[in-house]
Amino acid sequence: MMVAILSVALVLLFTGYNVFYTYKQGEKLTCMAGMMIAMTVGMMSSLALGVVLGVALQHDLTLSTIIAILFGMGVGYLTGKPVSLMAALDGMMAGIMGGMMGAMLGVMLVVSDSIVLFIDVIFIFVMSVLIQLIDEESGKSKATNDSNSKPFLGSAITLFVGIVIVGVMLLFQYQGNVSSASQSQSVQPESQTTSKENDGYQIATVDVKSNGYGPNNIEVKAGVPTKIDFKTTSGISCTKHVVSNELGIDVDLKKGDNFIALKDLKPGTYKYHCGMYMYGGTITVK
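Residues numbered from 1 in each chain as written. Predicted model: local features only at pLDDT ≥ 70, side-chain atom pairs only at ≥ 80, totals over all residues. Heavy atoms only, no water.

1. Re a nonpolar patch on the surface
Phase 1: Taken together, the side chains of Tyr77, Leu78 and Leu85 define a hydrophobic patch exposed on the protein surface, amounting to about 300 Å² of accessible area.
Phase 2: Considering the arrangement of structural elements, one finds Tyr77 in helix α3 (residues 61-80).
Phase 3: The partly exposed category is assigned to Tyr77, whose relative accessible area is 34%. (Patch = residues over 30% accessible without salt bridge, like charges linked within 9 Å, V, L, I, M, F, W, Y side chains within 5 Å. Areas by Shrake-Rupley, 256 points an atom, 1.4 Å probe, with all protein chains shown as cover. Salt bridge = Lys/Arg side-chain N within 4 Å of Asp/Glu carboxyl O. Helix = DSSP H or I, 4+ residues; strand = E, 2+ residues; numbered from the N terminus. Buried < 20%, exposed > 50% of the residue type's maximum accessible area, 1.4 Å probe, protein only.)

Okay, here's the thing in structure tokens:
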């Protein structure tokens, strides 16, 4: 969660600075340059925010998509409007596209912190190059000999600061992983007690693969405590996040066995699906 909070702050900071900087140089920019700048800001900001929200909002595709698209449209419009209405429209359309792609990426990928940090690095780099582009297109970098080095120096400093921020985030992640690993060492004997913990339960197994769940339907007896074992193999896709409002399931699956207890099941058919509603299956209680 710390990584997600810092990533949102980073996106807001860099996006706000680029919007403000474009506004200051707006009168000196051509329509074509304004369109490219607005498109880049709208696309990258909504893409980065969408990925973070897709992870932070417990893989809620709807809410993360809405927020990312609205944010991208807003910054795209604000960036392009000082240049021309055409540039503003271009930025808004790019914001819509980036928001959709970013939210889908954040929801689909299970290796959440790693992909968030990767997107942060790409975001910082592109935004730093964008500052150089604004200076170049506005003619500021050609005004004097000294000004030729200022855009590069400013972008280099911005990039360096961004990388330092990402490095701090990586440090937080590493410390969190170390602490969680040390805590898990004391609970390690679970593999020996799994069979005892499952005593009294009827077990049904669902194979989780990158291209769906199998079998598509499983049958269990009503009135008997039940555990569903979502057995996950290697591979990364949206199937590693299982949701069922009817059964109260909303979990991220780890590689191997994932036993989920279901009690007091009444006869009927219950549906479950992946985080993106692309794959699913049913559990029939008789």
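2. Focus on the pairing of strand β6 (residues 249-252)
Phase 1: In the sheet, strand β5 (residues 241-244) pairs with β6 via four bridges, with the strands oriented antiparallel. Within β6, the position partnered with Val242 by the bridge is Val251.
Phase 2: A loop of four residues connects β5 with β6, the two strands running antiparallel in sequence, and Gly248 in this loop sits at a positive phi of about 70°. (Pairing = 2+ DSSP bridges.)

3. What about the packing of helix α2 (residues 31-56) against α3?
Phase 1: In the contact formed by α2 and α3, the axes pass within 8 Å of each other and the chain directions differ by 160°. By the angle class used here, α2 and α3 are roughly antiparallel. As for the relative orientation of α2 and α3, their crossing is right-handed in sense. Touching Ile37, Ala38, Val41, Gly42, Ser45, Ser46, Leu49, Gly50, Leu53 and Gly54 of α2 are Ser64, Ile67, Ala68, Phe71, Gly72, Val75, Gly76, Thr79 and Gly80, all from α3.
Phase 2: Tallied by class, the residues present in the contact of α2 with α3 amount to nine nonpolar, 10 polar and no charged. (Axes fitted to C-alpha atoms, helices over the stretch in contact; angles between N-to-C directions. Parallel < 35°, antiparallel > 145°, perpendicular 65-115°, else oblique. Left-handed = near helix turned anticlockwise from the far one by under 90°. Contact = heavy atoms within 4.5 Å. Nonpolar A, V, L, I, M, F, W, Y, C, P; charged D, E, K, R; others polar.)

4. Some details on the sheet that holds strand β7 (residues 259-262)
Phase 1: Pairing within the open sheet is mixed, and its four strands lie in the order β2-β1-β4-β7. The sheet is open, and its two borders are formed by β2 (212-214) and β7, each paired with just one other strand. Taking the axes of each pair of neighbouring strands and ignoring which way they run, one obtains an average angle of 25° across the sheet.

5. Observations concerning unusual backbone geometry
Trans is the common state for peptide bonds, and a negative phi is the common state for residues other than glycine.
Phase 1: A cis geometry characterises the amide bond from Gly214 onward to Pro215, with omega recorded as -5°.
Phase 2: For Pro215, the location among the structural elements is in the loop between β2 and β3 (217-220).

6. Some details on the pattern of salt bridges
Oppositely charged side chains can form a pair if their charged atoms are brought close together.
Phase 1: Throughout the structure, instances matching the rule amount to three salt bridges.
Phase 2: Lys231 is paired through a salt bridge with Asp229; the nearest N and O atoms lie 4.0 Å apart.
Phase 3: The class of Lys231 is partly exposed, set by a relative accessible area of 33%.
Phase 4: Residues Asp257 and Lys231 are paired through a salt bridge, measuring 2.5 Å at the closest nitrogen-oxygen approach. Remark: Lys231 occurs in strand β4 (residues 226-232) and Asp257 occurs in the loop between β6 and β7; sequence separation between them is 26 residues.
Phase 5: Among the charged side chains, a network of salt bridges with common partners joins Asp229, Lys231 and Asp257.

7. Thoughts on the packing of aromatic side chains
Phase 1: Under the counting rule described, the total for this entry stands at five aromatic pairs.
Phase 2: Centroid distance Phe14 to Phe123: 6.2 Å. Interplanar angle 65°. Geometry classified as edge-to-face. Linking Phe14 in helix α1 (residues 2-25) with Phe123 in helix α5 (residues 112-138), this pair joins segments that are 109 residues apart in sequence. Assigned by exposure class, Phe14 and Phe123 land together as buried.
Phase 3: Considering the side-chain rings of Tyr213 and Tyr272, the 5.3 Å spacing of their centres and the 80° angle between planes classify their relative orientation as edge-to-face. Of the two residues, Tyr213 is situated in strand β2 and Tyr272 in strand β8 (residues 268-274); the sequence distance between them amounts to 59 residues. There is no split in this pair, since Tyr213 and Tyr272 are both buried.
Phase 4: By the ring-pair criterion, three or more aromatic residues cluster together here, those being Tyr213, Phe230 and Tyr272. (Phe/Tyr/Trp six-rings, centres within 6.5 Å; stacked < 30°, edge-to-face > 60°.)

8. What about the pairing of β5?
Phase 1: Of the two faces of β5, the one carrying His241 and Val243 and the one carrying Val242 and Ser244 are both buried.
Phase 2: Both β5 and β8 contribute to a ladder of two bridges, which runs antiparallel. The residue bridging Val242 from the neighbouring strand is Cys274, located in β8.

9. Focus: the side chain of Ser84
Phase 1: One can find Ser84 in the loop between α3 and α4 (85-108).
Phase 2: For Ser84, a relative accessible area of 17% puts it in the buried group.
Phase 3: Of note is the side chain of Ser84, whose polar atom sits 3.1 Å from the backbone nitrogen of Ala87. (Polar contact = N/O pair within 3.5 Å; in protein donor to acceptor, adjacent residues only side chain to side chain.)

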